[in-house]
Amino acid sequence: DAGVTQSPTHLIKTRGQHVTLRCSPISGHKSVSWYQQVLGQGPQFIFQYYEKEERGRGNFPDRFSARQFPNYSSELNVNALLLGDSALYLCASSPTPTDTEAFFGQGTRLTVV
Amino acid sequence: DQQVKQNSPSLSVQEGRISILNCDYTNSMFDYFLWYKKYPAEGPTFLISISSIKDKNEDGRFTVFLNKSAKHLSLHIVPSQPGDSAVYFCAASVGFGNEKLTFGTGTRLTIIP
């Protein structure tokens, strides 16, 4: 069975640009969460979606947005990129938000120059 | 404001001995705690969890202890094996499950053969 897949794996963008990161959850999983992991830190919660509805949002500016599609895949969009947005972006899926375990993808490494 | 803290950035343990990883939290609203393990170039993988109504949970070589009054939890790995070398993250959530996880900064565990 395929795990959580994220694309692209690596990305280099210029300050001020826009980026879209994609996540395909495990088949049957309806909950998708996004996390940002800056070097040397733990993952920080950005968004959670369940059944295509936003269920939670972390302390991130409005430049960050996300959505979930009818097939439960998800996109994370970041506008007006800053150098500080350089990080590993992780997507996690689970059947529901109250399931014990969330399964993480390998992440997208975003570098802003 | 770091609500989940792992004060030891790194830990080295002899193979076969016990590894003890510690985690402290400040938010008394947390009532579910998880440990994740991360290898380089991979997403975090779930190890074990504990609800605030318990003080201990075991799963094979892994045991998590929770001391609510001290706002402290620990992960014990015994016996430690070379494959346990990884970064370990403590995480917490308000409510049961994997909603809006707050992660610590991680502890890099190295098992010495």
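Residues numbered from 1 in each chain as written. Chains lettered and ligands numbered in written order. Predicted model: local features only at pLDDT ≥ 70, side-chain atom pairs only at ≥ 80, totals over all residues. Heavy atoms only, no water.

Q: What's the story with the overall build of chain B in this structure? I'm lost.
A: Each helix and strand counted, chain B has zero helices and eleven strands in total. From first element to last, N terminus to C terminus, chain B shows the α and β order β-β-β-β-β-β-β-β-β-β-β. The C-alpha radius of gyration computed for chain B amounts to 13 Å, which stays within 12% of the reference 13 Å derived for 113 residues, consistent with globular compactness. Along the longest, intermediate and shortest principal axes, the C-alpha atoms of chain B span 40 × 30 × 20 Å. Within chain B, the proportion of its 113 residues that are buried is 47%. Pairs at least 24 residues apart make up 55% of the contacts formed inside chain B by residues separated by at least 6 positions. Accessible surface, chain B as shown: approximately 5,300 Å² in total, 50% of it carbon and sulfur. Considering chain B, the positive charge centre built from 11 side chains and the negative charge centre built from 10 side chains are found 3 Å apart. (Helix = DSSP H or I, 4+ residues; strand = E, 2+ residues; numbered from the N terminus. Rg over C-alpha atoms; globule rule 2.2 N^0.38 Å. Buried < 20%, exposed > 50% of the residue type's maximum accessible area, 1.4 Å probe, protein only. Contact = heavy atoms within 4.5 Å. Areas by Shrake-Rupley, 256 points an atom, 1.4 Å probe, with all protein chains shown as cover. Lys, Arg positive; Asp, Glu negative; His and termini not counted. Charge placed at Lys NZ, Arg CZ, Asp CG, Glu CD.)

Q: In this structure, what is going on with the state of the cysteines? I would like to understand it.
A: When the sulfur atoms of two cysteines share a covalent bond, that bond is a disulfide. Residue and element names in this part refer to chain B. As enumerated under the stated definition, the model contains two disulfides over all chains in all. One disulfide in the model links Cys 23 with Cys 90; its S-S distance is 2.1 Å. Residues Cys 23 and Cys 90 share a disulfide whose torsion about the S-S bond is about -75 degrees; that sign makes it left-handed. Placement of Cys 23 in strand 3 (residues 19-25) and of Cys 90 in strand 9 (residues 86-93) is noted, with a sequence separation of 67 residues between them. By relative accessible area, Cys 90 is classed as buried at 0%. (Disulfide = S-S within 2.5 Å.)

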